[in-house]
Amino acid sequence: MGLEWEVQVRFPSDTPVAGIELNPWVRVNYKGSYVSPPNYALQFAWYRELSTLPKCVEDYVAFQDHASRDSSMTVYGGGLNQEKHGLLNSEDLKIVKGEGKTWIQVGSSRTYTPSEDDIDSSLRLVSVAIDDMGIKMSINVFVTTPVIRLPRPYPRHMIIFCSLRKFRNPKCIATPFKEESFRVLSYNILADLYTVSGAYTHCPNWALTWEYRRRNLLNEILSYDADILCLQEVQSDHFKNFFEPEFAKLGYSAIYKRKTKEVYSANEYVIDGCATFFRHDRFKIVIKYEDNVALVVILEEKDNGRSPDAARSTICVANTHIHRGLDASDVRLFQVVNLIRGLEKIDSSGIPILICGDMNSLPGSDPHRFLINGEVGCFSEKFRDPLGIHKHLKLSHSMHLACAYAHLLDSNEVGQHQKEKMDYQAMEPLFTCFKPSLTGTLDYILYSKNRLKVDGLLKLLDYDSLEKRLLPSPLWSSDHVALMANFRVKHASRGVQYLSPPPDPWEQKQTN
């Protein structure tokens, strides 16, 4: 029977990384057929390659090897020469020989997380299928390349604008004054379902695995210490199984809006969407909305021990991801205009507005000019509208919006090195997306400039800080870069009595 069945084992990559969990795909099949196997159990044994052995162990291994020359695999444990493929039941030290190498057992579960001790050594996984009678059905042996070290992260620091802080902190330390300032991050993290298209062949396969990218992304995001996180391209199953529980451990509440078109992946239908996280010790939800392409939430500061008369602020945060299609300039403009149509109603209640996200629109494009200038004016040469959608749109708005990063060029406190990372004409970063198909700015943090002040900005990246690599890369696990800004509510808007926000700003009025 052992010859009829086979254990199939696949890894996303055969290059392990220290600190990143290895979780192989394992399946038992009838050889050459899709016939379902009988009931079975799987047993696993992980080994690390031994380059040198203590003398006493080396002598013992040599003796056992000499006594078992007819075996392709010799197992050493408790003085017993066990099964030749290494199914280990002894609790003693397990040392085996195979593939011309000597191995020591380091794990016995399906998954294994390489440690610092494993660096520069190959790993070996023995997977054994056993039927209800305890008989081995099949055995698989998989050997990896040597374990590599996790790349050292590149620190990104905040630029704090002292001129806005002199009244409370003349030394201008880099830590924001939490009671007045709040920090907002916007980041398209690249959904895993989009990494399998072959568009990122420049990136090593091990750095594209979700097990690696999720840990690298989480560590990067946490290093920014933001109060509000606006993430785009968050895969639905990864939000539920990873991001929501991980951020909950650190005091963040979460809301999520998924797209509508799902993709079948790993035995279930998944899709990406927008996820907004906020520190629940600082904010509480007043109301949540879902536009066609945006997740919108109104947050109110909590009392946190303040006197009842202390001023509290309310802010509206819109997290959006606009359509990407190359020939869909009309769709992008429609989605942006429709988003602003609802936000304009919230704005009329006096609540400060923040818009974070991937607009999939370059500086100077029609959606960008509409957001910043309040109108489109003449359409760009690239605008295509075969259905005449623009004729049905209100192509102007009364909101006072500005891009947060334009303040880098406005401030005398910013060094020339940072200003060189900006497009002076567009007043936007030179790029927020750096992938084979596109280099340019697609991501923005916009704010109500009449109600909010920019208190600080996350330093921009350049080609050197990306290690001269396209994105994603081993160091940066998305094809976009994160943007972040500190804001303060202007005193004229702080603690005011806002009008009640509308129950549904995007509700279409019925006309007779």
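Residues numbered from 1 in each chain as written. Predicted model: local features only at pLDDT ≥ 70, side-chain atom pairs only at ≥ 80, totals over all residues. Heavy atoms only, no water.

Going by the annotation in an unreviewed UniProt entry, the name recorded for the protein is Carbon catabolite repressor protein 4 homolog 1-like isoform X2, with Coffea arabica given as the source organism.

Chemist: Help me out: how do you make sense of the overall build of the protein in this one?
Modeler: Counting secondary structure elements, the protein contains eight helices and 28 strands. Counting only residues that meet the buried cut, the protein has 53% of its 512 residues in that class. Here the protein displays about 24700 Å² of accessible surface, and carbon together with sulfur accounts for 50% of that area. (Helix = DSSP H or I, 4+ residues; strand = E, 2+ residues; numbered from the N terminus. Buried < 20%, exposed > 50% of the residue type's maximum accessible area, 1.4 Å probe, protein only. Areas by Shrake-Rupley, 256 points an atom, 1.4 Å probe, with all protein chains shown as cover.)

Chemist: Please explain the sheet that holds strand β20 (residues 353-358) as it appears in this structure.
Modeler: By definition, the strands of a sheet pair up through backbone hydrogen bonds, in either a parallel or an antiparallel sense. With mixed pairing, the six strands of this open sheet are ordered in space as β17-β18-β19-β20-β26-β21. A single partner strand is all that each edge strand has here, and the edge strands are β17 (283-290) and β21 (401-403). Each strand axis lies, on average, 20 degrees off the axis of its neighbour in the sheet, ignoring direction. Along the sheet, helix α5 (residues 329-347) makes contact with β17, β18 (294-301), β19 (314-321), β20, β21 and β26 (443-448), crossing β20 at roughly 160 degrees. Packed onto the sheet, helix α6 (residues 366-373) meets β21 and β26 and runs at close to 120 degrees relative to β21. (Pairing = 2+ DSSP bridges. Axes fitted to C-alpha atoms, helices over the stretch in contact; angles between N-to-C directions. Contact = heavy atoms within 4.5 Å.)

Chemist: Whenever I open this one, the pattern of salt bridges confuses me. Can you help?
Modeler: Opposite charge on two side chains allows them to pair when their charged atoms are near. Applying the stated criterion across every chain, the model contains 21 salt bridges. A salt bridge links Glu290 to Lys288; its shortest N-O distance comes to 3.7 Å. Overall, the relative accessible area of 46% leaves Glu290 in the partly exposed class. Exposure remark for Lys288: the relative accessible area of 39% places this residue in the partly exposed category. The network of salt bridges with common partners includes Asp225, Asp227, Arg279, Arg282 and Glu301. (Salt bridge = Lys/Arg side-chain N within 4 Å of Asp/Glu carboxyl O.)

Chemist: Can you walk me through the sheet that holds strand β16 (residues 272-279) in this structure?
Modeler: Reading across from one edge, β10-β27-β28-β11-β12-β16-β13 is the order of the seven strands in this open sheet, with mixed pairing throughout. This sheet does not close on itself; its edge strands, each paired only once, are β10 (158-160) and β13 (252-258). Taken over all neighbouring pairs, the strand axes of this sheet differ in orientation by 25 degrees on average, direction set aside. Judged from the five bridges that link them, strand β11 (residues 181-188) and strand β12 (residues 228-235) form a sheet pairing that is parallel. Residue pairing across strands places Leu185 opposite Leu229, the latter belonging to β12. The strands touched by helix α3 (residues 210-223) are β11 and β12; relative to β11, the strand with the most contacts, the crossing angle is about 155 degrees. Contacts from helix α4 (residues 236-248) reach β12, β13 and β16 within the one sheet, and its direction differs from that of β12 by about 155 degrees.

Chemist: Looking at this structure, I do not really get the pairing of strand β28 (residues 483-489). What am I missing?
Modeler: When a strand is regular, its side chains alternate between the sheet's two faces. Of all seven residues in β28, seven are buried; the element is thus mostly enclosed. Residues of β28 alternate between two faces, with Leu483, Ala485, Phe487 and Val489 on one and Met484, Asn486 and Arg488 on the opposite face, all of them buried. Judged from the six bridges that link them, β11 and β28 form a sheet pairing that is antiparallel. Each bridged residue has a counterpart across the sheet, and for Ser181 the counterpart in β28 is Arg488. Where strand β27 (residues 452-458) meets β28, five bridges bridge the pair, whose relative direction is antiparallel. If you follow Leu457 over to β28, its bridge partner there is Ala485.

Chemist: What is the right way to look at the pairing of β19 in this model?
Modeler: Judged by how many residues are buried, β19 sits mostly within the fold: eight of eight residues are covered. Both faces of β19 are covered, namely the face carrying Thr314, Cys316, Ala318 and Thr320 and the face carrying Ile315, Val317, Asn319 and His321. Examined bridge by bridge, β19 and β20 share six bridges and lie parallel to one another. Each bridged residue has a counterpart across the sheet, and for Ala318 the counterpart in β20 is Ile355.

Chemist: I would appreciate a short explanation of the packing of α3 against α4 in the present structure.
Modeler: Two quantities define a packed helix pair, namely the angle between the axes and the distance from one axis to the other. The contact between α3 and α4 brings their axes to 12 Å, and the two run at 30 degrees. Judged by the inter-axis angle, α3 sits roughly parallel to α4. You can see that α3 and α4 cross each other, and the crossing is right-handed. Taking contact as the criterion, the partners of Trp210, Arg214, Arg215, Leu218, Ile221 and Leu222 in α3 are, on α4, His238, Phe242, Phe243, Glu246 and Phe247. (Parallel < 35°, antiparallel > 145°, perpendicular 65-115°, else oblique. Left-handed = near helix turned anticlockwise from the far one by under 90°.)

Chemist: What should I look at first to understand the packing of aromatic side chains in this one?
Modeler: Describing an aromatic ring pair means giving the distance of the ring centres and the angle of the ring planes. Taken as a whole and judged by the stated rule, the model has 19 aromatic pairs. Seen in terms of ring centroids, Phe243 and Phe247 are 6.2 Å apart; in terms of plane orientation they differ by 15 degrees. Their pairing is stacked. Placement of both Phe243 and Phe247 in helix α4 is noted, with a separation of four residues, approximately one turn of the helix. The burial state of Phe243 is the same as that of Phe247; both residues are buried. Geometrically, the ring pair formed by Phe431 and Phe434 is tilted, given 5.1 Å between the ring centres and 45 degrees between the ring planes. (Phe/Tyr/Trp six-rings, centres within 6.5 Å; stacked < 30°, edge-to-face > 60°.)

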